[in-house]
Amino acid sequence: MALERHGLVVDVVPEKREEYLRLHAAVWPQVEATLQACNVHNYTIFVLENTLFAYYEYTGSDHAADMARIAQDPVTREWWTHTDPCQTPFGKHAAPGDTWRDMREVWHLE
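Bear in mind that the values here come from a model prediction, so they are computed numbers and not experimental data. (Residues numbered from 1 in each chain as written. Predicted model: local features only at pLDDT ≥ 70, side-chain atom pairs only at ≥ 80, totals over all residues. Heavy atoms only, no water.)

When you go through the protein chain residue by residue, the secondary structure sums to four helices and five strands. Overall, the protein chain shows an N-to-C arrangement of helices and strands of β-α-α-β-β-α-α-β-β. Against the 2.2 N^0.38 benchmark of 13 Å for 110 residues, the protein chain shows a C-alpha radius of gyration of 14 Å, consistent with a compact globule. Looking at the protein chain as a whole, 26% of its 110 residues qualify as buried. Restricting the contact set of the protein chain to residue pairs at least 6 apart, pairs at least 24 apart contribute 72%. Treating the 9 positive side-chain charges of the protein chain as one cloud and the 17 negative ones as another, the clouds have centres 4 Å apart. (Helix = DSSP H or I, 4+ residues; strand = E, 2+ residues; numbered from the N terminus. Rg over C-alpha atoms; globule rule 2.2 N^0.38 Å. Buried < 20%, exposed > 50% of the residue type's maximum accessible area, 1.4 Å probe, protein only. Contact = heavy atoms within 4.5 Å. Lys, Arg positive; Asp, Glu negative; His and termini not counted. Charge placed at Lys NZ, Arg CZ, Asp CG, Glu CD.)

Here you go:
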């Protein structure tokens, strides 16, 4: 199985920026365990002003199925009830209700 690199972007609601950062200073252990069990590794979130950039590496063989497993996890779903209200779509082509938007990789150096 090949390593897949994923980059995503979303904006943070300015009034909820500190709450979002506080939540991510202590991510719930079960949320992290679910990500790892679903072949997500080296997950990192960066912040610049009110924009969040996420990067992770996927090592499984069925990304869609593993993402569905994450979305079905009750603890992760509860986590999202705290983090999702802190996010707002990024970019001029974002649709209402968009959250994290996938970015296309254009270059990589190993």
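Following the structure, the description resumes.
Let us look at helix α4 (residues 74-83). Within the span of α4, buried status applies to T76, W79 and T83. Looking down the long axis of α4, one finds its buried residues gathered within 55 degrees of arc, a one-sided arrangement. Of the surrounding elements, those touching the buried residues of α4 are α1 (17-24), α2 (29-37), α3 (63-72) and β4 (87-88). (Arc of directions from axis to C-beta.)

The next subject is the pairing of strand β1 (residues 4-12). Taking burial as the measure, the nine residues of β1 include seven buried ones, the bulk of the element. Two strands pair when backbone bridges link them, and β1 and strand β3 (residues 51-58) are joined in this way by eight bridges, in the antiparallel orientation. Of the residues in β3, the one forming a bridge with L8 is A54. The pairing of β1 with strand β5 (residues 101-103) spans three bridges and is classified as antiparallel. (Pairing = 2+ DSSP bridges.)

What follows is about the packing of aromatic side chains. Across all of its chains, the model carries three aromatic pairs by this definition. Ring centres 5.1 Å apart and planes at 70 degrees place the aromatic pair W28 and W79 in the edge-to-face group. In this pair, W28 sits in the loop between α1 and α2 while W79 sits in helix α4, placing the two residues 51 residues apart along the sequence. Using a relative accessible area of 5% as the deciding quantity, one classes W79 as buried. Between Y43 and Y56, the aromatic rings sit 5.4 Å apart at their centres with planes inclined by 25 degrees, giving stacked as the arrangement. Of the two residues, Y43 sits in strand β2 (residues 40-48) while Y56 sits in strand β3, which places them 13 residues apart along the sequence. Looking at Y56, the relative accessible area reads 5%, which means it is buried. (Phe/Tyr/Trp six-rings, centres within 6.5 Å; stacked < 30°, edge-to-face > 60°.)

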